Structures are given as C-alpha cells and as structure tokens.
Amino acid sequence: MSNGTVKVLHIASFQGNLGDSAMHDGAYRTRAEDCPQSFSYTPLEVRDFFHWGNKCFDEAFIDYLNTFDLAIFGGLVGYELWRADTASGMRFDIAPELLDKIRIPVTFYGLGCDATRGMMQESAKAKCRRFLETAYERDFLFSLRNDGSRQILEDNLGAAYVDHMSVVADGGLFARPLPARTEMLYPAQKLVAINLAGDIPDIRFGPLGVSDRGDGEEAFVQKISELSCALLGAEAGVRVVFVPHLHSDLSLITKVLERMPDEYRRRHVSVAPYLNGGDNWSEIFDIYRQAHLVIGMRFHACVVAVGQGTPTLGIATHHKVRGFFDGMDLQEDCIVLGSQTWAEQLTVRALGMLRNPSRYREHIATGLAQHRLELKHFHEKMSSWHMNWAN
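Anyway, here's the lowdown on the structure attached to this text. For clarity, every value in this text was computed on a predicted model and none was experimentally measured.

## Topic: the side chain of Ser 248
The topology assignment puts Ser 248 in helix H11 (residues 247-258). Dropping the residues within four chain positions of it, Ser 248 is found in contact with Gly 198, Asp 199 and Arg 298.

Given below as structure tokens:
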C-alpha cells in the first residue's frame with residue numbers, strides 16, 4: 001500500500017455489455033462507503049483469458065498479480081457448470097498449484113453460476129473441489145451474487161464447499177447512473193422501457209417452440225408486440241423505448257417493430273442506441289431510472305431498474321433472472337415462459353404497475369434497505385479480512 005491506498009488488480013468483465021459497467025459502479029461505490037481503506041483499481045479484462053486468447057493464467061500472470069495489494073475476481077459468472085475443460089472447474093483456468101505462489105489476498109467477489117447448458121460433470125466437480133480446498137487453505141475470500149447461484153452450486157458441489165461463501169447483492173442494485181438525455185430523446189408522460197435479449201435463443205425460447213430461432217422465438221415476438229400495443233393503447237402519453245444491451249438484442253427488437261402498427265412505430269416508439277463499455281452506461285441506465293415501468297429479460301436490466309425503485313417486471317428466460325426476483329422477494333414480478341398464459345399474466349401485471357406504481361415503490365424500498373445493510377456487513381468483513389492478511 002502507498003499512502004494508505006490499496007492497489008487492486010480487478011479481473012472482471014469490462015467489455016461484456018453495459019450491465020457490467022453498472023455493476024462495477026455500484027460495487028466500487030458501496031465499497032468506498034463501507035470500507036475504511038481507499039482503493040485504486042487496475043482493471044484487467046477477463047475476456048482476454050476466456051474468449052480472445054490474448055492472456056492465460058500462468059506464472060507470469062501470478063508474478064504480475066503479486067505486484068498489487070489485493071486481487072478481486074468478479075463480479076461475473078464464475079461458474080459455467082457444463083464446462084469440464086479448466087484446471088479449476090470454474091471459468092478461471094487457474095491450476096490449484098498456482099494458488100500457492102500467490103503472496104497477496106485474493107477475493108472471488110459476487111460470482112454467479114450459469115447452468116443453462118447443464119450441471120457439472122464428475123470430473124469438473126473434482127477439479128472445482130480441489131481448487132476450493134486449496135483456496136480456502138490460503139484464506140481466500142469467496143462470495144456469490146443474489147441470483148440463486150448458491151443453491152445451484154450447493155447442488156453440484158455439496159454444502160461443505162459453499163458454506164464459506166457469503167451471498168451478496170450484485171453491484172448493479174446500487175448503481176447510480178448520471179442524468180442523461182432521457183427526457184429529451186424519449187418525451188412521454190409515462191415512459192415504458194423494454195429490454196429484449198436475443199442471444200442463446202434455443203435456451204430462451206425453447207419452452208415456446210421446438211426449433212432454434214424458429215417457432216418459439218416467433219411466438220415470443222408476436223406476444224411482445226401485442227404487449228407493447230396494449231401499453232401504448234392504455235392511456236394517452238405513453239411511449240415505449242426498446243433498450244438493447246448486446247448486438248443480438250437488435251434483431252429481436254426489429255422483429256417486434258415489424259409486427260406493430262405503423263402509426264405506433266412512427267409516433268410512440270423509440271429504440272435506444274447500442275453502446276458498449278466504459279462511461280457510456282449512464283446513457284442507457286438513466287432510461288431505467290426515469291422510466292415509469294421497465295420490462296426486462298437481461299439480468300442487469302432488471303437489477304439496476306429495481307435498484308432505482310422503478311416498477312420492474314422480469315421475463316425469466318434465464319434462471320438467474322428468476323433467482324434475482326426470488327432473492328428480492330418479488331416473485332410475482334417475474335414471469336416465466338412456458339405456461340400458456342405467460343403473455344396474459346405479463347400484460348395484466350404491466351398495465352397494473354403502469355396505473356399504480358406507488359405500491360410497488362414502497363415495497364421495494366424496504367427490500368433495498370435490507371440488501372444494502374447485508375452488503376455493508378460483508379464489506380466490513382472483507383475489510384477486516386484484508387487487514388488481517390496484510391498483517
């Protein structure tokens with residue numbers, strides 16, 4: 001440490017989508033509020049290791065990591081359960097033997113699980129347990145985000161390997177987007193923001209049909225078009241803005257627009273820009289802050305909107321969205337695809353929220369305060385752990 005400032009190597013997703021930026025904003029903000037230490041972060045893009053092949057978790061990486069005072073891995077999806085090709089059984093392809101060469105405290109912070117392609121194979125379970133045993137021996141600190149990941153990991157590894165892991169709110173719940181051009185770009189008496197996710201279509205739309213990007217997706221698009229028209233027709237002054245987070249969302253938005261009446265498209269519908277990385281995130285997430293209603297498929301669309309106190313409905317085409325609403329005690333506000341009446345349920349709930357948002361806002365305020373207190377307690381634990389490590 002220099003001048004009392006902790007030098008942090010932060011290994012995480014910074015170029016995934018704008019939700020990552022919102023998550024880091026909330027995490028940095030709350031740690032600064034809760035911990036007596038000051039932190040100086042050096043970001044390291046995890047995709048250089050996972051996807052782009054520019055770096056690897058080898059001894060040279062460990063030597064670089066050891067030049068810092070603290071290493072934080074996450075938050076991000078740390079466990080893709082179907083994978084069996086890493087030395088750790090996690091997404092981080094770090095051999096357990098390398099952990100013994102680390103000379104600084106390491107925390108795996110707010111990790112999530114992805115079980116969309118299946119659960120852990122026995123070989124992956126064995127590698128992950130060995131990695132965790134070594135990490136626990138080194139007194140590394142683990143936490144999971146509040147999206148149902150704890151139960152999934154416990155089902156795969158056993159309670160003994162998960163009991164050491166705290167469950168913490170995703171940082172996006174406490175992100176604070178700067179005021180942007182929302183009112184100017186999307187003028188409305190009541191603004192409805194809809195986030196649609198176009199990736200992994202076989203997973204997202206499989207319950208509605210049998211083919212990849214076939215019947216299921218087409219049925220979904222038709223129902224979202226009908227929902228949008230119902231919201232626009234509910235009362236005067238409503239505007240719908242579709243909000244993409246990834247490039248794949250744009251094609252799904254286009255399909256919905258093609259099914260809407262031309263007058264609605266030209267007068268009462270907008271599409272937010274597709275942005276990525278860095279400081280651009282406020283331009284998008286301020287829409288969720290100022291909206292009267294948010295309907296989201298993506299995890300961080302829902303997390304950040306709820307954190308702003310905005311009436312929010314989740315469309316659960318990924319288990320982590322369902323897990324988040326369960327963790328927030330907002331089960332009624334999450335619609336799971338699969339039942340024959342999912343679209344009718346979503347429409348009735350959306351129209352009710354648009355008419356009377358005050359009841360929702362009062363309920364969510366209590367939950368947010370509780371989750372903020374729990375995160376504060378974890379950060380205090382993390383601060384004490386770091387200081388004990390340093391001594």
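Here the narrative resumes, following the displayed structure.
## A closer look at the layout of surface pockets
Within this model, the largest pocket holds a volume of roughly 770 Å³. Lining the largest pocket are 34 residues, and of these Asn 17, Arg 47, Val 77, Asp 199 and Lys 320 lie nearest its centre. Those elements giving two or more residues to the lining of the largest pocket turn out to be helix H1 (18-34), helix H2 (47-50), strand S4 (77-80), H11 and helix H14 (299-307). Asn 146, Asp 326, Gly 327, Met 328 and His 371 are the residues nearest the centre of the second largest pocket, which is lined by 23 residues in total. Those elements that provide at least two residues to the lining of the second largest pocket are strand S6 (141-145), helix H6 (149-157), strand S7 (166-168), helix H15 (319-327) and helix H17 (358-390). Broken down by element, the residue count for the lining of the second largest pocket peaks at seven residues, all from H17. Residues of the lining of the second largest pocket, tallied by class, amount to seven nonpolar, 10 polar and six charged.

## Quick look at unusual backbone geometry
Residue Gly 75 is bonded to the preceding Gly 74 through a cis peptide linkage, with omega at 0°. Structurally, the position occupied by Gly 75 is in the loop between strand S3 (70-73) and S4. A positive phi is found at Asp 139, a non-glycine position, where the angle reads about 65°. The exposure class assigned to Asp 139 is partly exposed, which follows from its relative accessible area of 42%. Even without a glycine there, the phi angle at Asp 329 is positive, about 60°. Examined against the element boundaries, Asp 329 turns out to sit in the loop between H15 and strand S13 (334-336).

## A word on the pattern of salt bridges
A full pass over the atoms with the stated rule returns 30 salt bridges. In this structure, Arg 265 engages Asp 262 in a salt bridge whose closest nitrogen and oxygen atoms are separated by 3.1 Å. With a gap of three residues between them, Arg 265 and Asp 262 both fall in helix H12 (residues 262-268), about one helical turn apart. Judged by its relative accessible area of 30%, Arg 265 falls in the partly exposed class. For Asp 333, the salt bridge identified is with Arg 349, shortest N-O distance 2.5 Å.

## A look at the nonpolar core
If you look at the biggest cluster of nonpolar residues, it comprises 66 residues, and the most contacted ones within it are Leu 196, Phe 220, Phe 242 and Ile 295. Dropping the residues within four chain positions of it, Phe 220 is found in contact with Leu 196, Phe 205, Leu 208, Leu 252, Met 297, Ile 315, Leu 337 and Trp 342. The next biggest cluster of nonpolar side chains, apart from the first, holds 43 residues, and it includes Leu 9, Ala 71, Leu 81 and Ala 115.

## Here we look at the sheet that holds strand S8 (residues 190-195)
Taken in spatial order, the six strands line up as S10-S9-S8-S11-S12-S13 in an open sheet, and their pairing is parallel. Edge positions in the sheet fall to strand S10 (269-271) and S13, since each has one partner strand and no second. The mean angle between the axes of side-by-side strands here comes to 20°, regardless of whether they run parallel or antiparallel. As paired elements, strand S9 (residues 238-242) and S10 share three bridges and run parallel to each other. In the sheet register, Val 240 faces S10, and the bridge partner there is Val 269.

## A look at the packing of H14 against H15
Taken N-terminus to C-terminus, the directions of H14 and H15 make an angle of 20°; their axes are 9 Å apart at the nearest point. The angle between the axes of H14 and H15 places the two elements in the roughly parallel class. The two elements H14 and H15 meet at a crossing, and its hand is right-handed. Between H14 and H15, the contacting residues are Phe 299, Cys 302, Val 303 and Val 306 on the first element and Lys 320, Val 321, Phe 324 and Phe 325 on the second. Looking at the contact of H14 with H15, its residues break down into seven nonpolar, no polar and one charged.

## Let's talk about the packing of aromatic side chains
Using the criterion set out here, one finds 24 aromatic pairs in the structure. On the basis of an interplanar angle of 85° and a centroid distance of 5.2 Å, the ring pair of Tyr 64 and Phe 68 is categorised as edge-to-face. Judged by its relative accessible area of 37%, Tyr 64 is partly exposed. Through a chain of ring-to-ring contacts, the aromatic side chains of Phe 49, Phe 50, Phe 57, Phe 61, Phe 73, Phe 92, Phe 108, Phe 131, Tyr 136 and Phe 142 assemble into a single cluster. Here the basic side chain of Arg 31 rests over the ring of Tyr 109, its NZ or CZ set 4.7 Å away from the ring centre. Sitting over the ring of Phe 174, Arg 372 keeps its end group 5.7 Å from the ring centre.

Conventions we followed
- Residues numbered from 1 in each chain as written.
- Predicted model: local features only at pLDDT ≥ 70, side-chain atom pairs only at ≥ 80, totals over all residues.
- Heavy atoms only, no water.
- Helix = DSSP H or I, 4+ residues; strand = E, 2+ residues; numbered from the N terminus.
- Contact = heavy atoms within 4.5 Å.
- 1 Å grid on protein atoms, 1.4 Å probe; cavity = no way out; pocket = protein on both sides within 12 Å on 5 of 7 lines; lining within 4 Å.
- Points joined across faces, edges and corners; volume = space filled by probe spheres on them.
- Nonpolar A, V, L, I, M, F, W, Y, C, P; charged D, E, K, R; others polar.
- Buried < 20%, exposed > 50% of the residue type's maximum accessible area, 1.4 Å probe, protein only.
- Salt bridge = Lys/Arg side-chain N within 4 Å of Asp/Glu carboxyl O.
- Core = buried A, V, L, I, M, F, W, Y, C linked by side-chain atoms within 4.5 Å.
- Pairing = 2+ DSSP bridges.
- Axes fitted to C-alpha atoms, helices over the stretch in contact; angles between N-to-C directions.
- Parallel < 35°, antiparallel > 145°, perpendicular 65-115°, else oblique.
- Left-handed = near helix turned anticlockwise from the far one by under 90°.
- Phe/Tyr/Trp six-rings, centres within 6.5 Å; stacked < 30°, edge-to-face > 60°.
- Lys NZ or Arg CZ within 6 Å of the ring centre and 35° of its normal.

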